[in-house]
Amino acid sequence: GTGSHVRVQNGGSMVDYGPVYIGGSDSETGRLNRVMVAAGAYWSNGAVYVGYQGVGNSFQVESSGQVYMTDCYVGWTPGFAGNYFEVNGGVAAASGLLEVRNGSNILSSGSLAAGSLLMTNAAGQFIFNGGALNTRSAAVNNGLPFVVGDGTRAARYDVYGTDNLFYDGLLVNAQGSLAGTGRI
C-alpha cells in the first residue's frame, strides 16, 4: 500500500527467498514505501525491486545493517521517479545484477558489492559519495561520467573482471581511489 514501512533493526534478522517488491502495482499503491535495515540487523532475500512501480520508494541499509540479495533493480518501470537504494554505514551485496534504471543508487559510507553494475538509462544515476564499491563487471552508459567520491569522504572502487565499460568516462575525485585487477 501507500506509505508502508518495514524496519529491521537491533540485531533482528529476516530471510526471504522470493523477490521483494518495494512499491506497488500502480502509481496509487506504489508511493512512499520504505524498507530500512539498520543497527546490526540482517536481511537475506532473492531479487529486490526498489520502485517496482510508483514513486518515492526506498531501501536503506544503515548503521551496520547487512543485506544480501541475488539481484537489485532500482526504478523498474519507466516514468516513476524518486526511487532509491541507499547504503549509509551498512553492508549490501547483490551476488548477481545491480541495475539502476530509473532512480538512484546512493553510496555514502559502508560497502556495496555487485556481480554486475548496469546503468543504461539517462534516468538512472549512481551517487558515490564515499564508502567502498566492488564489482566484477560494469556497463555504465547513462550519459554521465561515473564519479568515485564526493571529494571530501574516502571512496574506493574495486574493479574486477574484464568487462568494465564506462562510456561517458570514469572520474576519481580527491579522497577517492580505484583499485582491483579488472580491465577498464
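Peer 1: Quick question: what am I supposed to make of the overall build of the protein chain here?
Peer 2: Helix and strand counts for the protein chain stand at 0 helices and 18 strands. Here the C-alpha atoms of the protein chain give a radius of gyration of 15 Å, agreeing with the 16 Å that 2.2 N^0.38 yields for 184 residues. Along the first, second and third principal axes, the C-alpha set of the protein chain runs to 40 × 35 × 30 Å. Residues classed as buried in the protein chain amount to 46% of the 184 residues present. Counting only contacts in the protein chain whose residues sit at least 6 apart along the sequence, the fraction spanning at least 24 positions is 54%. Counting only carbon and sulfur atoms, one obtains 51% of the accessible surface of the protein chain, whose full area is about 7900 Å². The distance from the centre of the 8 positive side-chain charges to the centre of the 11 negative ones in the protein chain is 5 Å.

Peer 1: Honestly, the pattern of salt bridges in this entry has me stumped. Any pointers?
Peer 2: If charged atoms from side chains of opposite charge come close, those side chains can pair. Overall, the coordinates contain 3 salt bridges when judged by the stated rule. Among the salt bridges present, the one from Glu-99 reaches Arg-101, with a minimum N-O distance of 3.0 Å. For Glu-99, a relative accessible area of 10% translates into the label buried. The partner of Arg-156 in a salt bridge is Asp-158, with the nearest N and O atoms 2.9 Å apart. Residue Arg-156 is classed as partly exposed on the basis of its relative accessible area, which comes to 40%.

Peer 1: Teacher, can you tell me more about unusual backbone geometry here?
Peer 2: What is expected of a backbone is that most residues other than glycine have negative phi and most peptide bonds are trans. Even without glycine at this site, Ser-63 takes up a positive phi of about 45 degrees. Among the structural elements, Ser-63 can be located in the loop between strand 7 (58-62) and strand 8 (66-69). Judged by relative accessible area, which is 44%, Ser-63 ranks as partly exposed.

Peer 1: What exactly am I supposed to notice about a nonpolar patch on the surface here?
Peer 2: Residues Val-15, Tyr-17 and Tyr-42 make up a contiguous nonpolar surface patch of about 360 Å² in total accessible area. Among the structural elements, Tyr-42 can be located in strand 5 (residues 42-45).

Peer 1: What is the right way to look at the nonpolar core in this model?
Peer 2: Grouped burial of nonpolar side chains is what soluble globular proteins tend to show. Phe-59, Phe-85, Leu-112, Phe-126, Phe-128, Phe-146 and Tyr-157 are the most contacted members of the largest nonpolar core, which totals 37 residues. Every residue in contact with Phe-126, bar those within four places of it in the chain, is listed here: Leu-98, Asn-105, Leu-107, Leu-112, Leu-117, Met-119, Leu-133 and Phe-146.

Peer 1: Can you walk me through the packing of aromatic side chains in this structure?
Peer 2: Given two aromatic rings, one states the distance between the centres and the angle between the planes to describe the pair. Counted according to the given criterion, the structure contains 16 aromatic pairs. Ring geometry for Tyr-49 versus Tyr-73: centroids 5.0 Å apart, planes at 15 degrees, classification stacked. Of this pair, Tyr-49 sits in strand 6 (residues 48-50) while Tyr-73 sits in strand 9 (residues 72-74), placing them 24 residues apart in sequence. With a relative accessible area of 13%, Tyr-49 lands in the buried category. Measuring from ring centre to ring centre gives 5.5 Å for Phe-146 and Tyr-157, while their planes differ by 45 degrees; the resulting arrangement is tilted. Here Phe-146 is found in strand 14 (residues 146-148), whereas its partner Tyr-157 is found in strand 15 (residues 155-159), with 11 residues between them in sequence. Using a relative accessible area of 3% as the deciding quantity, one classes Phe-146 as buried. Of the aromatic side chains, those joined through ring pairs into one cluster are Tyr-21, Tyr-49, Tyr-52, Tyr-73 and Trp-76. Lying over the aromatic face of Trp-76, Arg-101 brings its terminal NZ or CZ to 3.8 Å of the ring centre.

Peer 1: Help me understand the pairing of strand 7, please; the structure alone is not making it clear to me.
Peer 2: If a strand is regular, its side chains alternate between the two faces of the sheet. Summarising burial for strand 7: 5 of the 5 residues are buried, a large majority. Across the two faces of strand 7 the burial is the same, with Ser-58, Gln-60 and Glu-62 and Phe-59 and Val-61 all buried.

Peer 1: Help me understand the environment of Ser-116 in this model?
Peer 2: Within the element layout of this structure, Ser-116 appears in strand 11 (residues 104-119). Ignoring sequence-local partners within four residues, the contact set of Ser-116 consists of Gly-96, Leu-97, Leu-98 and Ser-137.

Cut-off values and rules
Residues numbered from 1 in each chain as written. Predicted model: local features only at pLDDT ≥ 70, side-chain atom pairs only at ≥ 80, totals over all residues. Heavy atoms only, no water. Helix = DSSP H or I, 4+ residues; strand = E, 2+ residues; numbered from the N terminus. Rg over C-alpha atoms; globule rule 2.2 N^0.38 Å. Buried < 20%, exposed > 50% of the residue type's maximum accessible area, 1.4 Å probe, protein only. Contact = heavy atoms within 4.5 Å. Areas by Shrake-Rupley, 256 points an atom, 1.4 Å probe, with all protein chains shown as cover. Lys, Arg positive; Asp, Glu negative; His and termini not counted. Charge placed at Lys NZ, Arg CZ, Asp CG, Glu CD. Salt bridge = Lys/Arg side-chain N within 4 Å of Asp/Glu carboxyl O. Patch = residues over 30% accessible without salt bridge, like charges linked within 9 Å, V, L, I, M, F, W, Y side chains within 5 Å. Core = buried A, V, L, I, M, F, W, Y, C linked by side-chain atoms within 4.5 Å. Phe/Tyr/Trp six-rings, centres within 6.5 Å; stacked < 30°, edge-to-face > 60°. Lys NZ or Arg CZ within 6 Å of the ring centre and 35° of its normal.

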